Amino acid sequence: SVLDLGSGFDTGSGEFAAPVDGLYFVMFTVYSGSNDGELVVQLFVDDEYANHGEGFMGTGGVSYQEGNGFAYLSLTAGQTVSVSTSSSSSSSADVASAWASLALTQLGGYLIARDADREIAFQAYGSAAQSNLGSGVVIEFDEVTLNLGSAYDSSTSVFTCPYDGAYFFTFEVY
């Protein structure tokens, strides 16, 4: 079943329409089977590539491959978000929707903040390989793509909470 608080998701088109202005966190996972090349999936806002959130699935004889991405998006009411294959994809592929009651291909998100003065969000990535990390070493995320509220320090890779509250963090390290 689909959880759709706020009634912004259209199951027919696969698009989410922002019900109110604000900062949203959007994430997706796509499981692909029988790729005959490389498949790239991306987040789109109003049918334009969002420059964030891209999943890559290559070849290699694996039955199913996972591509996922996420982005923080400042949306106005009525703007739509969707996941589509990229024009840089060099394959056709089958996308798996469910298997044994597991939702394999998913799009989700939530509203983070409606008050622009209190929006706190950051997104950063490491610009270079980091080798021979020992115990207790901070992994560097020095390239910042978003830093609303200026709470993230890229020179130390540390986020400092400016307000009391619940915060959500996610990271990927390969």
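Source: prediction; values computed, not measured. (Residues numbered from 1 in each chain as written. Predicted model: local features only at pLDDT ≥ 70, side-chain atom pairs only at ≥ 80, totals over all residues. Heavy atoms only, no water.)

### Focus on the overall build of the chain
In step 1: Across its full length, the chain carries zero helices and 15 strands.
In step 2: The burial tally for the chain puts 30% of its 174 residues in the buried class.
In step 3: Once local pairs closer than 6 in sequence are excluded, the contacts in the chain between residues at least 24 apart make up 65%.
In step 4: Of the roughly 10,900 Å² of accessible surface on the chain, a fraction of 50% belongs to carbon and sulfur atoms. (Helix = DSSP H or I, 4+ residues; strand = E, 2+ residues; numbered from the N terminus. Buried < 20%, exposed > 50% of the residue type's maximum accessible area, 1.4 Å probe, protein only. Contact = heavy atoms within 4.5 Å. Areas by Shrake-Rupley, 256 points an atom, 1.4 Å probe, with all protein chains shown as cover.)

### Comments concerning a nonpolar patch on the surface
In step 1: A contiguous nonpolar surface patch, about 460 Å² in accessible area, is contributed by Leu133, Val137, Ile139, Phe171 and Val173.
In step 2: As for its position among the elements, Ile139 is in the loop between β12 (121-125) and β13 (143-148).
In step 3: In this structure Ile139 comes out as partly exposed when scored by relative accessible area, which is 31%. (Patch = residues over 30% accessible without salt bridge, like charges linked within 9 Å, V, L, I, M, F, W, Y side chains within 5 Å. Salt bridge = Lys/Arg side-chain N within 4 Å of Asp/Glu carboxyl O.)

### Thoughts on unusual backbone geometry
In step 1: Of note, the phi angle at Asn132 is positive, near 55°, even though the residue is not glycine.
In step 2: One can find Asn132 in the loop between β12 and β13.
In step 3: Here Ser150, not a glycine, exhibits a phi torsion of approximately 55°, which is positive.
In step 4: Note on placement: Ser150 falls in the loop between β13 and β14 (152-153).
In step 5: Among the residues examined, Ser150 registers a relative accessible area of 61% and is labelled exposed.

### Some points on the side chain of Ser157
In step 1: Tracing the backbone through its elements, the reader meets Ser157 in the loop between β14 and β15 (158-159).
In step 2: Residue Ser157 is classed as buried on the basis of its relative accessible area, which comes to 15%.
In step 3: Within the structure, the side chain of Ser157 is placed 3.5 Å from the side chain of Tyr152, a separation counted as a polar contact.
In step 4: Dropping the residues within four chain positions of it, Ser157 is found in contact with Val138, Ile139, Glu140, Phe141 and Tyr152. (Polar contact = N/O pair within 3.5 Å; in protein donor to acceptor, adjacent residues only side chain to side chain.)

### A word on the nonpolar core
In step 1: Within the largest apolar cluster, 14 residues are counted, with the highest numbers of intra-cluster contacts made by Tyr24, Val26, Leu43, Val45, Leu73, Leu75 and Val81.
In step 2: Within the residue set of this core, elements represented by two or more residues are β3 (22-33), β4 (39-45) and β6 (64-75).
In step 3: Broken down by element, the residue count for this core peaks at four residues, all from β3.
In step 4: Once you skip the residues sitting within four places of it in the chain, Val26 turns out to touch Leu43, Gly69, Phe70, Ala71, Leu73, Val81, Leu107, Gly108 and Gly109. (Core = buried A, V, L, I, M, F, W, Y, C linked by side-chain atoms within 4.5 Å.)

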